[in-house]
Amino acid sequence: MPDQNTYTYALTTSPQMKRRHAAEKRFQWYGRLAIGLSLSFLVFMFAAIIFRGAGAFQQSNIQLEVTFNEQTIDPQGTRDPGELSRANYKPLITDALAQIFPQVSERREKASLYRLLSTASVFELGDRVAKDPSLIGTTQKIWLPASSEVDLYMKNKIDEDVPEELRRLKNQDIAWVETLKAQGSVKKSFNTNFFTNGDSREPVMAGILGAAMGSLFSLLICFAIAFPLGILTAVYLEEYAAKNRWTDLIEVNINNLAAVPSIVFGLLGLAIFLNFFELPRSTPLVGGMVLALMAMPTIIIASRSILRSIPNSIRDAALGLGASKTQTTFHHVVPLAMPGMLTGTILGMARALGETAPLLMIGMVAFIVDVPQGVTDVATALPVQIFLWADSPEKGFVERTSAAIIVLLAFLIIMNLTAVYLRRKLERRW
């Protein structure tokens, strides 16, 4: 009679077991291959976005020796800041360029030379003089933003091998830029305008501050509505509501709402908040309310799951010591579940932060230059701003679009990391 070792050896070396082990190893390799492909696609996506958007964090500037002629800027001598900011500063820039390129005399060449600078240069000079009227009558060396074509050329994103008639930056323009580079009058610096300006038709002056503030105000409204209503709904359904057909119907509808496409919530906001209640269009107030409707099912489902994980022994102990049902719930159960509830809320708001479709339906797709100061000011949101820039024909907006995506991804990563940190820091063991 064969012993146990012989039987085990025969079993493990049988053809059937070898096929099973081989199939198991293949399955493991399939999983590793799937993970590797997923990570490679993710790395490729991030690399493409960073490669395209890194240039937006730098801006090319041209240094000019500007003479602030009083007869041109303020012939009346009033020194009124409003009048100084609206004065005509274009002659000052053309005169400064004429000092560097005196050989340029034809009208068409002067116009081409002037286009080396951004059209926002005149506004920047106006802001400087309005803030400091003592500049009038002096000559100052000032760095002014270059045009988007010059900026792309300085970042090596214009192919000189392309026929001249297909380029907006002509050979003569490139020669002028090279002359300025040789004189040390062109440099690249950190693009503060990208973080401090609102939207603009000029790529070099376009920024994300207006869209970021619109997203911030919308998220504040979303949190103020979705968090308390979502938590209280979860507590009632889990701790107080009787289990019957009505609560089953409510649970089914909540689960269905969590899977509804986001554009449906936008249609709901358009029909109710705008058409029925006549709230102001394209404001963070309405945007936050629509996002709250979308985030609330996620918060309710996550909160109910956390409440179910609280051991019944905690409830029984509190009730046994004489606590009421409400005291047991809000003094013991809810505090223990709060870290998980906060995590679910942050994840729900992170999803809301990246939504575009519902905001498009309520009008937050307008061209907004001013930075909103409150929840009732007209504004747009960061995902919508990305959508607008991606649809722009200007080549300079390509890197702005990718840079805005980088900022949005950074916000999403920070929110998810915050959720993980709060869960680990505040959760209690029992």
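Parameters at a glance
Numbers given to residues run from 1 along each chain, matching the order in which its sequence is written. Local features in this predicted model are restricted to residues whose pLDDT is 70 or higher, and side-chain atom pairs enter the listing and the counts only when it is 80 or higher, whereas totals over whole chains, interfaces and linings include all residues. Heavy atoms throughout the structure, all of them, feed into the side-chain values; hydrogens and water do not. Elements are defined by DSSP. Helices are runs of H or I of four residues or more, strands are runs of E of two residues or more, and each kind is numbered from the N terminus. Only C-alpha atoms enter the radius of gyration, while the globule expectation follows 2.2 Å times N to the 0.38, with N the number of residues. Using a 1.4 Å probe on the protein chains alone, a residue whose accessible area is under 20% of its type maximum counts as buried, one over 50% counts as exposed, and one in between counts as partly exposed. Any two residues having at least one pair of non-hydrogen atoms within 4.5 Å are treated as being in contact. Under the convention used here, a 1.4 Å probe and the Shrake-Rupley method define accessible areas, while residue burial counts only the protein chains that appear. Neither His nor the chain termini are counted; the positive set is Lys and Arg, and the negative set is Asp and Glu. Where a charge lies is defined by one atom per residue type: Lys uses NZ, Arg uses CZ, Asp uses CG and Glu uses CD. A pair of strands is considered paired only if DSSP assigns at least 2 bridges between the two. Angles here are taken between N-to-C directions and fall from 0 to 180 degrees, while the axes themselves are lines fitted to C-alpha atoms, restricted in helices to the stretch in contact. pLDDT is a residue-level measure of predictor confidence that goes from 0 to 100. We define a salt bridge as a side-chain nitrogen of Lys or Arg found within 4 Å of a carboxyl oxygen belonging to Asp or Glu. Left-handed describes a crossing in which the near helix is turned anticlockwise from the far one by less than a right angle; the clockwise case is right-handed. Each residue is assigned to one class: nonpolar for Ala, Val, Leu, Ile, Met, Phe, Trp, Tyr, Cys and Pro, charged for Asp, Glu, Lys and Arg, and polar for all the others, Gly among them. In these notes, a set of buried Ala, Val, Leu, Ile, Met, Phe, Trp, Tyr and Cys residues joined through side-chain atoms within 4.5 Å is what counts as a nonpolar core. Classification of ring pairs rests on two measures: the distance between centres of Phe, Tyr or Trp rings, Trp counted by its six-membered ring, which must be within 6.5 Å, and the angle between planes, read as stacked under 30 degrees, edge-to-face over 60 and tilted in between. A ring is considered to have a charge above it if a Lys NZ or an Arg CZ atom is located within 6 Å of its centre and within 35 degrees of its normal.

1. Here we look at the overall build of the chain
- Looking only at helices and strands, one finds 19 helices and three strands in the chain.
- Taken over C-alpha atoms, the radius of gyration comes to 31 Å for the chain, far larger than the 22 Å a tight globule of 430 residues would show.
- Based on the C-alpha atoms only, the size of the chain along its principal axes is roughly 105 × 65 × 35 Å.
- Expressed as a percentage of the 430 residues in the chain, the buried residues total 42%.
- Sequence separation of at least 24 residues holds for 77% of the intrachain contacts in the chain that already meet a minimum separation of 6.
- Accessible area of the chain: about 23,800 Å², with a carbon and sulfur share of 61%.
- Of the side-chain charges in the chain, 41 are positive and 37 negative, and the distance between the mean point of each set is 11 Å.

2. Some remarks on the sheet that holds strand β3 (residues 186-190)
- If you trace the three strands from one edge of the open sheet to the other, you get β2-β1-β3, paired in antiparallel fashion. Of all the strands in the sheet, just β2 (139-145) and β3 have a single pairing partner and so form its edges. Going from strand to strand, the sheet's axes swing by 40° on average, the running direction of each strand aside.
- Across five bridges, the pairing between strand β1 (residues 58-67) and β3 is antiparallel. Pairing of Gln 58 across the sheet is with Phe 190, part of β3.

3. Quick look at the side chain of Gln 59
- As for its placement among the helices and strands, Gln 59 is situated in strand β1.
- Judged by its relative accessible area of 2%, Gln 59 is buried.
- Setting aside chain neighbours within four positions, we find Gln 59 in contact with Pro 145, Ala 146, Asp 151, Lys 187, Lys 188, Ser 189, Asn 191, Val 204 and Arg 400.

4. Quick notes on the confidence of the model for the chain
- Overall, the prediction assigns the chain a mean pLDDT of 86, with 96% of residues at 70 or greater.
- Mean pLDDT values over the elements of the chain span from 54, in helix α1 (residues 4-12), up to 91, in helix α11 (residues 209-240).

5. A closer look at the pattern of salt bridges
- This structure, assessed with the given rule, holds 18 salt bridges.
- Residues Asp 151 and Arg 400 are paired through a salt bridge, measuring 3.9 Å at the closest nitrogen-oxygen approach. Of this pair, Asp 151 sits in helix α8 (residues 148-154) while Arg 400 is found in helix α19 (residues 396-426), placing the two residues 249 residues apart along the sequence.
- Classification of Arg 400 by relative accessible area gives buried; the value is 1%.
- Note that Arg 315 and Glu 239 form a salt bridge whose closest N and O atoms lie 2.8 Å from each other. Here Arg 315 is found in helix α15 (residues 312-320), whereas its partner Glu 239 is found in helix α11, with 76 residues between them in sequence.
- Residue classification places Arg 315 among the buried positions, given a relative accessible area of 11%.
- By sharing partners, the salt bridges in this structure join Asp 151, Lys 155, Lys 157, Glu 399 and Arg 400 into a single network.

6. Thoughts on the packing of α11 against helix α14 (residues 284-309)
- Following both chains from N to C, one finds α11 and α14 inclined at 35°, their axes separated by 6 Å at the closest point. Between α11 and α14 lies a crossing whose hand is right-handed.
- Class assignment of the residues belonging to the contact of α11 with α14 gives a composition of 21 nonpolar, seven polar and four charged.

7. Description of unusual backbone geometry
- One non-glycine residue, Asn 156, lies in positive phi territory at about 60°.
- As for its placement among the helices and strands, Asn 156 is situated in the loop between α8 and α9 (171-182).
- Although it is not a glycine, Ser 282 adopts a positive phi angle of roughly 60°.
- Mapped onto the secondary structure, Ser 282 falls in the loop between α13 (262-276) and α14.
- Residue class for Ser 282 comes out buried when judged on its relative accessible area of 5%.

8. Some details on the nonpolar core
- Ile 208, Cys 222, Leu 307, Leu 359, Ile 362 and Trp 389 are the most contacted members of the largest nonpolar core, which has 58 residues in total.
- Broken down by secondary-structure element, the contributors of at least two residues to this core are α11, α13, α14, α16 (325-353), α18 (382-390) and α19.
- The leading source of residues in this core is α14, at 11 residues.
- Non-local contacts of Leu 359, meaning those with residues more than four positions away in its chain, are made with Gly 287, Leu 291, Met 364, Ala 381 and Val 384.
- Ranked by size, the runner-up nonpolar core spans 37 residues in total, among them Phe 68, Leu 113, Leu 169 and Trp 176.

9. Focus: the packing of aromatic side chains
- According to the stated counting rule, one finds nine aromatic pairs in the structure shown.
- Measuring from centroid to centroid gives 5.7 Å for Phe 57 and Phe 194, while their planes differ by 80°, and the two rings are edge-to-face. In this pair, Phe 57 sits in the loop between α2 (15-53) and β1 while Phe 194 sits in helix α10 (residues 193-196), placing the two residues 137 residues apart along the sequence.
- The interplanar angle of 10° and the centroid separation of 5.0 Å between the aromatic rings of Phe 223 and Phe 227 together place this pair among those described as stacked. Within this pair, Phe 223 and its partner Phe 227 are both found in helix α11, separated by four residues, close to a single helical turn.
- Looking at Lys 187, its charged tip hangs above the ring of Trp 143, at a distance of 4.5 Å from the centre.

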